[in-house]
Amino acid sequence: MAEGTDVVLVGYFSSKQKDLAELMETAAQQATNHGARVVGRIVQRRGVSDGGAKKIALPYSSRTLLSYGKVREVAALCEQTNADAALFLSTLTERQRRVLTGMLGCPALSLADVMAAG
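These remarks concern the structure in this document. Remember, it's a predicted structure, so these values are computed and weren't measured experimentally. (Residues numbered from 1 in each chain as written. Predicted model: local features only at pLDDT ≥ 70, side-chain atom pairs only at ≥ 80, totals over all residues. Heavy atoms only, no water.)

A look at the pairing of strand 3 (residues 85-88)
Logical step 1: Every second residue of strand 3 is oriented toward a common face, with Ala85 and Leu87 on one face and Ala86 and Phe88 on the other, all of them buried.
Logical step 2: Two elements, strand 1 (residues 5-14) and strand 3, share four bridges in a ladder whose sense is parallel. The residue bridging Val8 from the neighbouring strand is Ala86, located in strand 3.
Logical step 3: Relative to strand 4 (residues 108-110), strand 3 runs parallel, the two sharing three bridges. Considered in strand 4, the bridge of Phe88 is made with Ser110.
Logical step 4: Taken together, strand 3, helix 4 (residues 94-104) and strand 4 form a β-α-β motif whose crossover is right-handed. (Buried < 20%, exposed > 50% of the residue type's maximum accessible area, 1.4 Å probe, protein only. Helix = DSSP H or I, 4+ residues; strand = E, 2+ residues; numbered from the N terminus. Pairing = 2+ DSSP bridges. Right-handed = clockwise from strand over helix to strand, strands pointing away.)

Next up, the structure:
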């Protein structure tokens, strides 16, 4: 990742995950160590409702990982902050990366990919 790249950090967690703030902070530090500047953070929780609890291990969407409303929130935050990329804590498939990049208006990257590259 290029030095000074502005990113919005996007976390996708089950409702059973209790240490969200710590996980997001650790990811932000890792991104910073690889040259990024975190300009925003968004969390998508899964399994909060009864229906969600049954699907807790599944993404909201195989195309986007997130719910449609959350994708819109991420896109808006990327635009507001002039982010260069959306950096997902979750590993993205090629299809998710492609679809999200189109929907967000900036590259969708996985933190694991950034860590492996640098």
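Having seen the model, we can carry on.
Let's talk about the environment of Leu104
Logical step 1: Tracing the sequence through the fold places Leu104 in helix 4.
Logical step 2: For Leu104, a relative accessible area of 7% puts it in the buried group.
Logical step 3: Residues Leu104 and Glu73, 31 residues apart in the sequence, show an inter-C-alpha distance of 9.4 Å.
Logical step 4: In contact with Leu104, other than residues within four places in its own chain, are Val71, Val74, Ala75, Ala86 and Phe88. (Contact = heavy atoms within 4.5 Å.)

Quick notes on the sheet that holds strand 1
Logical step 1: If you trace the four strands from one edge of the open sheet to the other, you get 2-1-3-4, paired in parallel fashion. Two strands close off the open sheet at either side, each with one partner strand: strand 2 (36-46) and strand 4. Each adjacent strand pair in this sheet contributes to an overall mean axis angle of 30 degrees, direction not counted.
Logical step 2: Where helix 3 (residues 68-81) meets the sheet, its contacts fall on strand 1, strand 2 and strand 3, and the angle it forms with strand 2 comes to roughly 165 degrees. (Axes fitted to C-alpha atoms, helices over the stretch in contact; angles between N-to-C directions.)

As for the nonpolar core
Logical step 1: Ranked by size, the top nonpolar core spans 19 residues in total, and within it Leu66, Val74, Phe88 and Leu104 carry the most contacts.
Logical step 2: Broken down by secondary-structure element, the contributors of at least two residues to this core are strand 1, helix 3, strand 3 and helix 4.
Logical step 3: Of all the elements, helix 3 adds the most residues to this core, at five residues.
Logical step 4: Apart from the residues lying within four places of it in its own chain, the contact partners of Leu66 are Val10, Tyr12, Gln44, Tyr60, Ser61, Val71, Val74 and Phe88.
Logical step 5: Val7, Met24, Leu111 and Val114 belong to the second largest nonpolar core, which has 13 residues in total. (Core = buried A, V, L, I, M, F, W, Y, C linked by side-chain atoms within 4.5 Å.)

Looking at helix 1 (residues 20-33)
Logical step 1: Taking 1.5 Å as the rise per residue, helix 1 with 14 residues should run 20 Å; its terminal C-alpha atoms sit 20 Å apart, in good agreement.
Logical step 2: Every buried residue belonging to helix 1 is among Leu20, Met24, Ala27, Ala28 and Ala31, and all of these are buried. Within helix 1, the buried residues cover an arc of 105 degrees as seen down the axis, which keeps them to one side. For helix 1, the exposed residues set more than 90 degrees away from the buried face come down to Glu22 and Asn33.
Logical step 3: On the buried face of helix 1, the contacting elements are strand 1, strand 2, strand 3 and helix 5 (111-117).
Logical step 4: One or two residues past the end of helix 1 sits Gly35, with phi positive at roughly 95 degrees. (Expected span 1.5 Å × (residues − 1). Arc of directions from axis to C-beta.)

It is worth stressing that arrangement in space is one thing and function is another; only the former is reported here.
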